[in-house]
Amino acid sequence: MSTSKRAVVVAIVIEKTSSEVWADVRDIGSHVTWMQDAAEIRFVSDQREGLGTTFECDTKIGPFSLTDVMEITSWEDERRMGVRHVGLVEGTGEFTLSVVGSGSTEFRWEEDLTFPWYFGGPVGAFCARPVLRWVWKRNLARLKTRIESA
């Protein structure tokens, strides 16, 4: 995924190997335990992981809530998971894992989203970026605590 000027990018170093980090994040259904903005995940496809997996995520940030429909578009064990968002909010997202030292992994989260006109379109997306960055940084801190304490 190439970073655009609209993208929100956050990252954190987790003191676990990439295989240990991947073992946790590959379970898409468990993302609600560390993503504060994800209230519920419902799988639409029979599969629960890998390319083509589709699911709905009830998302809530402050007074805004929506059902985000996603499809897994890239899946490389211990390296990358990409999604395509369709519905009210559209765009792409990607988690990437990179080894940064013996037993340490950088977890990078990038999202490039387009908002509909009634959420303010490009202006709404611009205004949302700092809020999303703040929420997602907190999510990564929760993920780090979850994985490092396992």
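Figured I'd write up the structure that's included with this text.

Cut-offs applied
Residues numbered from 1 in each chain as written. Predicted model: local features only at pLDDT ≥ 70, side-chain atom pairs only at ≥ 80, totals over all residues. Heavy atoms only, no water. Helix = DSSP H or I, 4+ residues; strand = E, 2+ residues; numbered from the N terminus. Rg over C-alpha atoms; globule rule 2.2 N^0.38 Å. Buried < 20%, exposed > 50% of the residue type's maximum accessible area, 1.4 Å probe, protein only. Contact = heavy atoms within 4.5 Å. Lys, Arg positive; Asp, Glu negative; His and termini not counted. Charge placed at Lys NZ, Arg CZ, Asp CG, Glu CD. Salt bridge = Lys/Arg side-chain N within 4 Å of Asp/Glu carboxyl O. Arc of directions from axis to C-beta. Pairing = 2+ DSSP bridges. Axes fitted to C-alpha atoms, helices over the stretch in contact; angles between N-to-C directions. Expected span 1.5 Å × (residues − 1). Bend = angle between axes of the 7 residues up to and from the residue.

1. Some remarks on the overall build of the protein chain
Thought 1: Scanning the protein chain from terminus to terminus reveals two helices and seven strands.
Thought 2: For the protein chain, the sequential pattern of α-helices and β-strands runs β-α-β-β-β-β-β-β-α.
Thought 3: Computed over the C-alpha atoms, the radius of gyration of the protein chain is 15 Å, within 12% of the 15 Å expected from 2.2 N^0.38 for a compact globule of 150 residues.
Thought 4: Reported as C-alpha extents along the three principal axes, the dimensions of the protein chain are approximately 45 × 35 × 30 Å.
Thought 5: For the protein chain, the proportion of its 150 residues judged to be buried stands at 43%.
Thought 6: Of all intrachain contacts in the protein chain linking residues separated by at least 6 positions in sequence, the fraction that spans at least 24 positions is 51%.
Thought 7: A gap of 6 Å separates the mean positions of the 18 positive and 22 negative side-chain charges of the protein chain.

2. Some remarks on the pattern of salt bridges
Side-chain pairs of opposite charge can arise whenever the charged atoms involved come near each other.
Thought 1: Under the defined criterion, the tally for this structure stands at twelve salt bridges.
Thought 2: One salt bridge connects R26 with E49, and the closest N-O pair in it is separated by 2.5 Å. Of the two residues, R26 is situated in the loop between helix 1 (18-25) and strand 2 (38-43) and E49 in the loop between strand 2 and strand 3 (54-61); the sequence distance between them amounts to 23 residues.
Thought 3: A salt bridge links R79 to E76; its shortest N-O distance comes to 2.7 Å.
Thought 4: E76 gets classed as partly exposed once you look at its relative accessible area, which sits at 31%.

3. Brief notes about helix 1
Thought 1: The set of residues buried in helix 1 consists of S18, V21, W22, D24 and V25. Each buried residue of helix 1 lies within a common arc of 160 degrees when the element is viewed along its axis, so the set occupies one face.
Thought 2: Elements in contact with the buried residues of helix 1: strand 1 (8-14), strand 4 (64-76), strand 5 (80-86), strand 6 (90-101), strand 7 (104-114) and helix 2 (121-148).

4. Some details on the sheet that holds strand 6
Thought 1: Strand order in the open sheet formed by seven strands is 1-7-6-5-4-3-2, with antiparallel pairing between adjacent strands. Each edge of the sheet is formed by a strand with only one pairing partner; in this case those strands are strand 1 and strand 2. In this sheet, neighbouring strand axes are inclined to one another by 25 degrees on average, regardless of whether the strands run parallel or antiparallel.
Thought 2: With five bridges connecting them, strand 2 and strand 3 associate as antiparallel partners.

5. Topic: helix 2
Thought 1: Taking 1.5 Å of rise per residue, 28 residues should cover 40 Å, and helix 2 covers 38 Å from first to last C-alpha, within 8% of that figure.
Thought 2: The sharpest bend along helix 2 reaches about 40 degrees and sits at A128, with the proline P130 one to four residues further on.
Thought 3: Restricting attention to buried positions, one finds in helix 2 the residues G121, G124, A125, A128, R129, L132, V135, W136, N139, L140, L143 and I147.

6. Some words on unusual backbone geometry
Thought 1: One non-glycine residue, E78, lies in positive phi territory at about 65 degrees.
Thought 2: If you trace the backbone, E78 turns up in the loop between strand 4 and strand 5.

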